[in-house]
Amino acid sequence: MQQSFRQSMTWLHTWFGLVLGYVLMVAFFFGALSVFDREIDRWATPHTRFEPRPMPSYDAMLAPIFKQIVPEAHELDEARSRVGTLAPTLPVMNWAAYTTHRDPVLRLFAEFAITNNPNDPDDHVHGTLTIDPRNGTVLPHDQLKIGSEFFYPLHFSLHLEWKQLGYWIVALAALVMMAALVSGVVMHRRILRELFTFRPHKHTRRSVLDLHNLTGVVALPFHFVFALSGLTIFAGIYLPVSETMFKPQAQAHAMAEAKTKGVAFRPAGVAAPLASVDAMVVEAKRRWDARGMPGEVGFLVVNHVGDVNSYVSIYRAGSDRVALVGQAVHFDGPSGRVVHEEPPPSAVAGVNEFLTGLHLQHFKHWLLRWFYVLGGLLGCVCIATGFLFFVEKRKRMHASTGVSGARWVDALAVTAVSGMVLAALSMLVVNRVLPADLAGRADWEKGAFWAAWVLALLHALWRSAPVQQARIAPAWREQCWAVVLLAVSAVLLNWITTGDHLLATLGRAYWPVAGFDLALLVSAGLAAFAALHLRRRERQARAQPLAEPVDEPTTTSAAPEAVRA
Amino acid sequence: MPDAALGALLLSAAVALAVCGMVWLALTMDTHWQQVRVDAAPTRSATVALRLCGSLALFASLLLCLRADHPTMAPLVWVLSITGAAVGVAFALAWRPRWLALLVVWLPAGRSAN
Amino acid sequence: MSALHVTSRVAASLLGGYAFVWGFVTLCIALGLEWGAPYDDARKLAQLLAFLVFLACFCWAFAAASVARVWLVLAGGGALMTGVAWWLPRAPA
């Protein structure tokens, strides 16, 4: 393609980085926020601001509540479009409860069988409920958990569910991230020598490139492993071998697994009551303790509900290690006796578990979680500085030739960086402002997110004309000030609407809310600092817009890049 | 000492060692040495000492991480400590290089600038 | 670098790359099953390696001198591997 390997890698890095960088910003930023998704949930749903606790008693509390779960309306609609008419009540297949050491509320799930689908005998729909485990109250459906139900899915699916298009786009972005890292290493001649090089006092193009290289290289293992592990988590979507070419083998394997476990693959169709699940939990915990890994229940599943073939699987919460849940113990439903205790995973399964658990981080390790946030934010800085470098490098040439490419890239960069932050902040502000019992509250909040982002885009497009004269767009500074305004407003609104002001939450060491309020204030501080810095730079650029940056003789790879725009 | 407090102490020490290690490794390079000290470059023996101390500090950091946590988590903590340390050192070199002088005060004066 | 050339190169890297990876994964699973590995292990190992293979194909697609060769190797190789993977479980023992 190009004359040399380095040139072709430069082309790849520049153009794929530019196009997919916008998606990667979303993945990295909301991925970083997802580290503290449950804490954000606490901020957004004030009635859940109490301490996490282990899973409550199944027999006493959960059993009657499970019976209340009904299929989700939108899933029923989709099912009707697949099979036509549905039975008035769908038989329930299984129930599940999932909790981690950070969950004060408990999520309950149910799967309901759709029996009249000729193409897919295992077709099913889902239902879910959230309860307060202190007293069994079912929490209102419409209270959007902004962290775990919005920011978190946004980072892997872009909320583009149609044909799972969002998942595929993020997957492409992840592949491009890995390719950008590889090509970046190829491009960067003195990668070890310049590992610590950051010269903020130099002209913009140099300092931006320094920062891009720094954040890309020092966090390279993080960026690479997160892109790779993200892809392997959803490998079933991207490489659906078990549903296509190897369907018989996958099916045979599942049946053989069930046989090894001593459980039935399908229900018998004969009703039978369930033995005491609480007793099963006690036994499971005893067995984990005996293996030297005492722990709490992380995941509990009742399979083939109400059937004589029913069995209960109890998984240990992996709070002390990287793997998510594991060491399952399976019990026969009607009798309550242990039928199978899972052995340690095979080498391959172990590696898979490790990568999944590494990415999803449900472990209890606050330092490591904060390191994850650092890694995520370094990724954001890497991508953002990539955009800035692209614009800085080309805007003088574009200004002198009358091309407007740099301007549009800059406007899109503003939208992807500060615009994205503004969207998230707007959602939080609206969350505090709307009345608690408003119908469709969740939809209003989501609407606010997208609307704010579109507004940020329009503002950026409007306020980026100076880039065409090789100056700095005021859009950056203005959106920084908007970030300051919204972030501080969010903290104040939390105080006004819930009474949980910073001193109160710090005083009783309620870190989910105190931490998030502090994070909002720090963000406001950084945005203000950036806005003031930008004002100074804008003045400089206004004074000498088309002046070439003075390249001082250095010992670094300041050699002009071989590929032009 | 309760487990949590011991863990916190071990991890603090691990992070501190990671920072020291990265500082020492960074200062084997003339450009960065010049930012921190008056002399133009470290002596040859100082460079060797810096590399040795830097590597040992990073290795010691890994050992402390392994002592503090489950073996699946410790390497993650270690790698990310190094990442954080590298960023910190880069920023310090950019804005407050003299702060790092303390870590090499024990090294002799190197070759002076010509 | 004409627009056609760029489009072809990008398409080869993504579509050809995907075809190659599909072939690689299915062949790995078929071979694994032949050698007596449990299906789940074969699938998980193949899927673990798949994205590294995709990364290599993707980068090579841009580094290679000739687009025609890229198409041949990626799409052709992918088709070949998929064919073998399809045939292997059905071959007489």
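Residues numbered from 1 in each chain as written. Chains lettered and ligands numbered in written order. Predicted model: local features only at pLDDT ≥ 70, side-chain atom pairs only at ≥ 80, totals over all residues.

## Considering the overall build of chain A
Within chain A, the secondary structure is distributed over 18 helices and eight strands. On C-alpha atoms alone, chain A measures out to a radius of gyration of 27 Å, which is about the 24 Å that the 2.2 N^0.38 rule sets for 565 residues. Every one of the 565 residues in chain A was classed for burial, and the buried ones make up 44%. Put simply, 71% of the contacts in chain A that link residues at least 6 apart link residues at least 24 apart. (Helix = DSSP H or I, 4+ residues; strand = E, 2+ residues; numbered from the N terminus. Rg over C-alpha atoms; globule rule 2.2 N^0.38 Å. Buried ≥ 20, exposed ≤ 12 C-beta atoms within 10 Å, placed from the backbone. Contact = placed C-beta atoms within 7 Å.)

## Looking at the overall build of chain B
When helices and strands are tallied, chain B shows four helices and zero strands. Put simply, chain B runs from its N terminus to its C terminus through helices and strands in the order α-α-α-α. In terms of overall dimensions, chain B has C-alpha extents of about 55 × 30 × 25 Å along its principal axes. With 114 residues in all, chain B has 43% of them scored as buried.

## Things to note about helix H15 (residues 441-462) of chain A
Residue and element names in this part refer to chain A. Taking 1.5 Å of rise per residue, the 22 residues of H15 would be expected to cover 32 Å, and the 31 Å separating its terminal C-alpha atoms lies within 8% of that figure. Among the residues of H15, Ala442, Glu445, Phe449, Ala452, Trp453, Ala456, His459 and Ala460 are the ones counted as buried. Looking straight down H15, one finds its buried side chains confined to an arc of 125 degrees; they lie on one side. Among the exposed residues of H15, those oriented more than 90 degrees off its buried face are Asp443 and Trp462. Those residues of H15 that are buried are in contact with helix H5 (146-157), helix H14 (405-433) and helix H16 (474-498). (Expected span 1.5 Å × (residues − 1). Arc of directions from axis to C-beta.)

## A short note on the interface of chain A and chain C
Each side of the interface is counted separately: chain A has 28 residues, and chain C has 25 residues. Those elements that place two or more of their residues in the side of chain A that touches chain C are helix H1 (5-34), helix H6 (165-187), helix H8 (220-233), helix H10 (247-261) and helix H12 (347-360) of chain A. Class assignment of the residues belonging to the side of chain A that touches chain C gives a composition of 20 nonpolar, eight polar and no charged. (Nonpolar A, V, L, I, M, F, W, Y, C, P; charged D, E, K, R; others polar.)

## With respect to the interface of chain B and chain A
Taken together, the 22 residues of chain B in the interface contact 25 residues of chain A. Those elements that place two or more of their residues in the side of chain B that touches chain A are helix H1 (3-26), helix H2 (30-36) and helix H4 (74-95) of chain B. Its residues assigned to classes, the side of chain B that touches chain A shows 15 nonpolar, six polar and one charged.

## A short note on the sheet that holds strand E4 (residues 137-138) of chain A
All names here are of chain A. If you walk across this open sheet you meet the eight strands as E4-E3-E2-E1-E5-E6-E7-E8, and the pairing is antiparallel. With partners counted over all chains shown, the strands left at the sheet margins are E4 and strand E8 (338-341), one partner each. Both strand E5 (residues 297-303) and strand E6 (residues 311-317) contribute to a ladder of six bridges, which runs antiparallel. Across the sheet, residue Val301 finds its bridge partner in E6, namely Ser313. Its contacts with the sheet put helix H3 (residues 58-66) on strand E1 (92-98), strand E2 (106-113), strand E3 (124-132) and E4, and the angle it makes with E2 is roughly 40 degrees. (Pairing = 2+ DSSP bridges. Axes fitted to C-alpha atoms, helices over the stretch in contact; angles between N-to-C directions.)

## So, unusual backbone geometry
All names here are of chain A. In this structure, His304 takes a positive phi of about 55 degrees despite not being glycine. Despite not being glycine, Gln361 shows a phi value in the positive range, around 30 degrees. For Gln361, the location among the structural elements is in the loop between H12 and helix H13 (366-401). The class of Gln361 is partly exposed, set by 18 C-beta atoms lying within 10 Å.

## Considerations on the domain arrangement of chain A
Residue and element names in this part refer to chain A. Parsing chain A into structural domains produces domain 1 (48-152 + 257-341) and domain 2 (404-550). The centre of domain 1, based on its C-alpha atoms, is set 40 Å off from the matching centre of domain 2. Of the residues lining the interface, five residues belong to domain 1; the matching set on domain 2 comes to 11 residues. Broken down by class, the residue content of the side of domain 1 that touches domain 2 amounts to three nonpolar, no polar and two charged. (Domains from an automatic or database assignment.)

## With respect to the packing of H16(A) against helix H18 (residues 511-543) of chain A
Residues and elements named next belong to chain A. It is at 8 Å that the axes of H16 and H18 come closest, and there the two elements cross at 160 degrees. What the angle tells us is that H16 and H18 run roughly antiparallel. Considering only the axes of H16 and H18, their crossing is left-handed. Contact residues: H16 offers Pro474, Trp476, Arg477, Cys480, Trp481, Val483, Val484, Ala487, Val488, Ala490, Val491 and Asn494, while H18 offers Asp517, Leu520, Leu521, Ser523, Ala524, Ala527, Ala528, Ala530, Ala531, Leu534, Arg535 and Glu538. Grouping the amino acids of the contact of H16 with H18 by side-chain chemistry returns 18 nonpolar, two polar and four charged. (Parallel < 35°, antiparallel > 145°, perpendicular 65-115°, else oblique. Left-handed = near helix turned anticlockwise from the far one by under 90°.)

## Overview of the environment of C:Phe20
All names here are of chain C. Looking at the element boundaries, Phe20 is found in helix H1 (residues 3-34). A tally of 28 C-beta atoms within 10 Å means that Phe20 is categorised as buried. Separated by 24 residues in sequence, Phe20 and Lys44 place their C-alpha atoms 18 Å apart.

## Thoughts on the confidence of the model for chain A
Overall, the predicted model of chain A reaches an average pLDDT of 89, with 96% of residues at or above 70. In the model, residues 552-565 of chain A has pLDDT below 50 throughout and makes 15 contacts with residues more than four positions away in sequence or in other chains. (pLDDT = per-residue confidence, 0-100.)

## Focus: the environment of A:Val217
Residue and element names in this part refer to chain A. Tracing the backbone shows Val217 in helix H7 (residues 204-218). Spatially, the C-alpha atom of Val217 lies 8.1 Å from that of Val185, the residues being 32 residues apart in sequence. Not counting chain neighbours up to four residues away, the residues in contact with Val217 comprise Ile191 and Leu195.

## Here we look at the pairing of E1(A)
Relative to E2(A), E1(A) runs antiparallel, the two sharing six bridges. Looking across to E2(A), one finds that A:Ala97 is bridged to A:Leu108.

## Some details on the nonpolar core
With 230 residues, the main nonpolar core has A:Val483 and B:Val77 as its most contacted residues. In terms of residue count, the dominant contributor to this core is H14(A) (18 residues). The two domains that each donate at least three residues to this core are domain 1 (48-152 + 257-341) and domain 2 (404-550) of chain A. Not counting residues up to four positions away in its chain, the partners in contact with B:Val77 are A:Leu367, A:Leu368, A:Phe371, B:Leu11, B:Cys65 and B:Asp69. (Core = buried A, V, L, I, M, F, W, Y, C linked by C-beta atoms within 7 Å.)

## Here we look at the pairing of strand E7 (residues 325-332) of chain A
Residues and elements named next belong to chain A. In terms of residue burial, E7 counts as a mostly covered element, since seven of its eight residues are buried. In terms of strand pairing, E7 meets E8 through three bridges, oriented antiparallel. Bridge pairing in E8 links Val329 to Glu341. A loop of five residues connects E7 with E8, the two strands running antiparallel in sequence, and Gly336 in this loop sits at a positive phi of about 80 degrees.

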